[in-house]
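Each chain, letter by letter, is given below.
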Amino acid sequence: MNWVNTILQGVLVGGLYAMFAAGLSLIFGVMKLVNIAHGDLIVLAAYVALIVTDGLGLNPIASLLVVVPVMAVIGYCLQRGLLNRTMGDDILPPLLVTFGLSVILQNGLLELFSADSRRLQAGALETASLQLADGLSLGVLPLIQFGLAVAIIAGLHWMFYHTALGRSFRAVSDDPRVAQLMGLNNRHVFALAMALSLAIVAVAGVFLAVRTNFDPATGPARLIFGFEAVIIGGLSSLWGTLLGGILLGVVQAAGAELDPGWQVLAGHVAFLAVLAFRPQGLLSRASR
Amino acid sequence: MPEAALLEVEALDAHYGDFQALFGVSLSVGAGQVAAVIGANGAGKSTLLNSISGLIRSKANAIRFRGEPIGTLSAFRVLARGIAMVPEGRRLFPSLTVEENLIIGGQFKRPGPWTLKRVYEVFPILEERRHQASTSLSGGQQQMVAIGRALMSNPALLLCDEISLGLAPIVVRDIYAHLRGIVAGGTAAVIVEQDIGQALAIANTVTCMQEGRVALQGRAGEVTRADIQAAYFGV
Ligand SMILES: Nc1ncnc2c1ncn2[C@@H]1O[C@H](COP(=O)(O)OP(=O)(O)O)[C@@H](O)[C@H]1O
Ligand SMILES: [Mg+2]
């Protein structure tokens with residue numbers, strides 16, 4: 001029963017990792033941009049949620065109604081105002097700019113909020129749980145988090161293949177020059193993708209902040225987890241991203257069960273194993 | 001020029017870094033007219049079309065459309081003005097189906113006769129294959145998608161970059177027969193080819209390019225094949 005419990009908890013945490021990863025792989029898929037600041041943007045979202053919950057007295061889940069649109073607008077402006085200027089045939093300049101952005105975000109948050117670690121309070125919801133069997137109970141909050149992760153991945157998948165926006169994303173990803181010839185304004189399409197990515201980041205940031213303490217320096221570790229989930233699952237597949245997140249969560253939980261110090265290490269080892277033996281990822285279609 | 005020109009290219013230069021690819025190219029296309037641009041590989045034909053379509057930026061006045069300078073506009077704004085391109089090598093979107101490729105061409109729809117239904121009437125085979133990946137089609141069918149995709153925006157001017165490249169002669173004749181119908185419907189065209197035959201038969205004017213310069217230009221009936229051959233080979 002103990003192991004069943006461990007694996008189930010790992011699966012639920014994996015939903016959060018899948019959320020970290022979904023925004024990252026969306027951006028990479030549409031514009032071949034590796035966003036080094038992704039983890040710090042998750043932390044930024046957590047601080048925005050902190051302000052909203054403190055200022056408006058909202059519960060963290062309700063604060064999503066404000067945090068998600070705020071982060072989406074930040075994403076759109078970030079892309080149009082800064083990142084688009086660096087996009088071109090060379091992928092290095094945008095990579096370096098997001099690295100710089102990561103440093104700026106960490107320092108900015110440190111100035112504004114100090115290095116104290118914070119947490120979002122979700123009240124009774126934090127401890128609520130469903131008793132499945134003796135010694136096996138699942139927290140309500142992790143369940144909501146996992147359900148949202150699945151819904152986000154399913155929604156993204158549907159959007160990609162059944163909407164005009166998704167069609168534009170695929171076209172721009174295939175061939176940005178010809179996409180412009182067809183009347184697509186790539187800068188606008190890129191900015192919409194970043195807005196969507198940061199909307200997902202907002203959800204991930206809020207759930208992260210309810211689950212664990214955060215401070216201005218916790219971003220890079222979230223980036224690593226998201227990155228590992230993307231690579232494990234496969235870059236070109238959204239369902240692969242969900243699978244990657246879940247596997248990472250389970251492997252980490254199993255590692256922690258064996259020895260608390262092995263939690264993060266086990267995830268890195270799984271990541272390296274996938275890179276070594278199946279670099280296209282577990283669910284990736286033929287490499288493009 | 002008696003008729004008011006739809007497109008006027010005047011003293012157009014183009015550069016790739018330090019390399020100058022076009023030197024003072026001029027070209028004029030009247031409404032509903034067809035201009036053939038002929039030249040060997042590397043003559044600058046694609047560079048000319050890419051400049052007109054806005055993929056390569058130029059001086060504002062080097063390219064005028066309906067009398068307005070468009071040289072500095074982005075490609076998507078040029079499309080909105082009514083210039084659509086069938087790019088060299090077809091360049092369909094591989095992760096889009098045939099129908100999605102067509103729809104994406106029409107998302108900036110100007111008023112006019114071209115709709116998905118009309119494209120399928122002209123190219124029935126595409127309707128049969130509408131849900132297939134565009135990469136699964138034959139070269140000729142892919143070229144039909146590329147032409148249909150450009151028509152979906154209802155352009156006043158169609159830019160065609162080597163649409164016969166890599167296709168069997170019988171397929172080329174078929175594509176050109178369709179093109180004739182499209183032009184008869186009032187759409188003007190700039191047709192770039194390395195091969196003189198088909199393009200010359202449909203064109204009102206001929207421009208021969210050589211190493212980034214116009215080597216010969218005139219009305220289709222007035223320049224002889226011998227003139228063109230001479231310009232083509234630079235003798
Ligand atoms: N992206 C590019 N970068 C540098 N040089 C280029 C580029 N595209 C074309 N050229 C050069 O410009 C000249 C004209 O090319 P192009 O317009 O493609 O000719 P054409 O279409 O007539 O074959 C050639 O010398 C070619 O090598
Ligand atoms: Mg060419």
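Here the structure is a predicted model, which means the values were calculated and not measured. (Residues numbered from 1 in each chain as written. Chains lettered and ligands numbered in written order. Predicted model: local features only at pLDDT ≥ 70, side-chain atom pairs only at ≥ 80, totals over all residues. Heavy atoms only, no water.)

Caption draft 1: Focus on the coordination of the magnesium ion (ligand 2). Residues and elements named next belong to chain B. Protein ligation of the magnesium ion (ligand 2) involves S46 (OG) and E88 (OE), the donor distances falling in the range 2.0 to 2.3 Å. Residue S46 is found in helix α1 (residues 45-53), and its partner E88 is found in the loop between β6 (83-86) and α3 (98-105); the two are separated by 42 residues along the sequence. The class of E88 is partly exposed, set by a relative accessible area of 33%. (Donors = N, O, S within 2.8 Å, 3.2 Å for Na, K, Ca; no water. Helix = DSSP H or I, 4+ residues; strand = E, 2+ residues; numbered from the N terminus. Buried < 20%, exposed > 50% of the residue type's maximum accessible area, 1.4 Å probe, protein only.)

Caption draft 2: Quick look at the pairing of strand β1 (residues 129-133) of chain A. All names here are of chain A. Across four bridges, β1 lies against strand β2 (residues 136-139) in antiparallel orientation. Among the inter-strand pairings, A133 is bridged to a residue of β2, identified as L136. Between the end of β1 and the start of β2, which pair antiparallel, lie two residues, with G135 showing a positive phi angle near 75 degrees. (Pairing = 2+ DSSP bridges.)

Caption draft 3: Representation of the packing of helix α3 (residues 60-86) of chain A against helix α4 (residues 92-113) of chain A. Residues and elements named next belong to chain A. Two numbers describe how α3 lies on α4: the axes approach to 7 Å, and their chain directions differ by 135 degrees. The orientation of α3 with respect to α4, classified from their angle, is oblique. Here L78, L82, L83 and T86 of α3 lie close against α4, whose contacting residues are P93, P94, V97, T98 and L101. Here the contact of α3 with α4 is composed, by residue class, of seven nonpolar, two polar and no charged. (Axes fitted to C-alpha atoms, helices over the stretch in contact; angles between N-to-C directions. Parallel < 35°, antiparallel > 145°, perpendicular 65-115°, else oblique. Contact = heavy atoms within 4.5 Å. Nonpolar A, V, L, I, M, F, W, Y, C, P; charged D, E, K, R; others polar.)

Caption draft 4: Here's a closer look at α3 of chain A. Residue and element names in this part refer to chain A. Taken as a whole, α3 carries its principal kink of about 45 degrees at Q79. Within α3 the residues assigned to the buried category are P60, S63, L64, V67, M71, A72, G75, L78, Q79, L83, N84 and T86. If you follow the buried residues of α3, they end up packed against α1 (2-31), α2 (38-56), α4 and α8 (186-211). Its side-chain oxygen at 2.7 Å from the backbone nitrogen of I61, N59 defines the N-terminal cap of α3. (Bend = angle between axes of the 7 residues up to and from the residue. Polar contact = N/O pair within 3.5 Å; in protein donor to acceptor, adjacent residues only side chain to side chain.)

Caption draft 5: Geometry of the packing of aromatic side chains. Evaluated as defined, the whole model comprises seven aromatic pairs over all chains. An angle of 45 degrees between the planes, with centres 6.4 Å apart, marks the rings of F160 of chain A and Y161 of chain A as tilted. Its relative accessible area of 13% is what places F160 of chain A among the buried residues. Put simply, the rings of Y17, F20 and F225 of chain A touch in pairs and so form one group of aromatic residues. Across from the ring centre of F28 of chain A, 5.8 Å away, lies the NZ or CZ of K32 of chain A, which sits over that ring. Sitting over the face of the ring of W114 of chain B, R118 of chain B holds its NZ or CZ atom 5.2 Å from the ring centroid. (Phe/Tyr/Trp six-rings, centres within 6.5 Å; stacked < 30°, edge-to-face > 60°. Lys NZ or Arg CZ within 6 Å of the ring centre and 35° of its normal.)

Caption draft 6: The arrangement of a nonpolar patch on the surface in detail. All names here are of chain A. A cluster of nonpolar side chains, contributed by W3, I7, L258, W262, L265 and V269, occupies part of the molecular surface with about 620 Å² of accessible area. When contributions to the nonpolar patch are tallied by element, the ones reaching two or more residues are α1 and α11 (263-277). Taking relative accessible area as the criterion, L258 reaches 58% and is therefore assigned exposed. (Patch = residues over 30% accessible without salt bridge, like charges linked within 9 Å, V, L, I, M, F, W, Y side chains within 5 Å. Areas by Shrake-Rupley, 256 points an atom, 1.4 Å probe, with all protein chains shown as cover. Salt bridge = Lys/Arg side-chain N within 4 Å of Asp/Glu carboxyl O.)

Caption draft 7: Molecular detail of the site of ligand 1. Residues and elements named next belong to chain B. As a structural note, the neighbourhood of ligand 1 is formed by Y16, F19, A21, A40, N41, G42, A43, G44, K45, S46 and T47. In this structure, G42 approaches ligand 1 through a main-chain N or O atom, which is 2.7 Å from an oxygen atom. Measuring from an oxygen atom of ligand 1, one finds a side-chain N or O atom of S46 at 2.8 Å. Within the complex, 60% of the 560 Å² of free accessible area of ligand 1 lies under protein. (Near = heavy atom within 4 Å.)

Caption draft 8: Spatial organisation of the sheet that holds strand β7 (residues 157-161) of chain B. Residues and elements named next belong to chain B. Taken in spatial order, the six strands of this open sheet run β6-β7-β8-β3-β9-β10, and their pairing is mixed. The sheet terminates laterally at β6 and β10 (213-219), the two strands that pair on one side only. Between one strand and the next, the sheet's axes are offset by a mean angle of 15 degrees, whatever the strand orientation. In terms of strand pairing, β6 meets β7 through four bridges, oriented parallel. In the sheet register, I83 faces β7, and the bridge partner there is L157.

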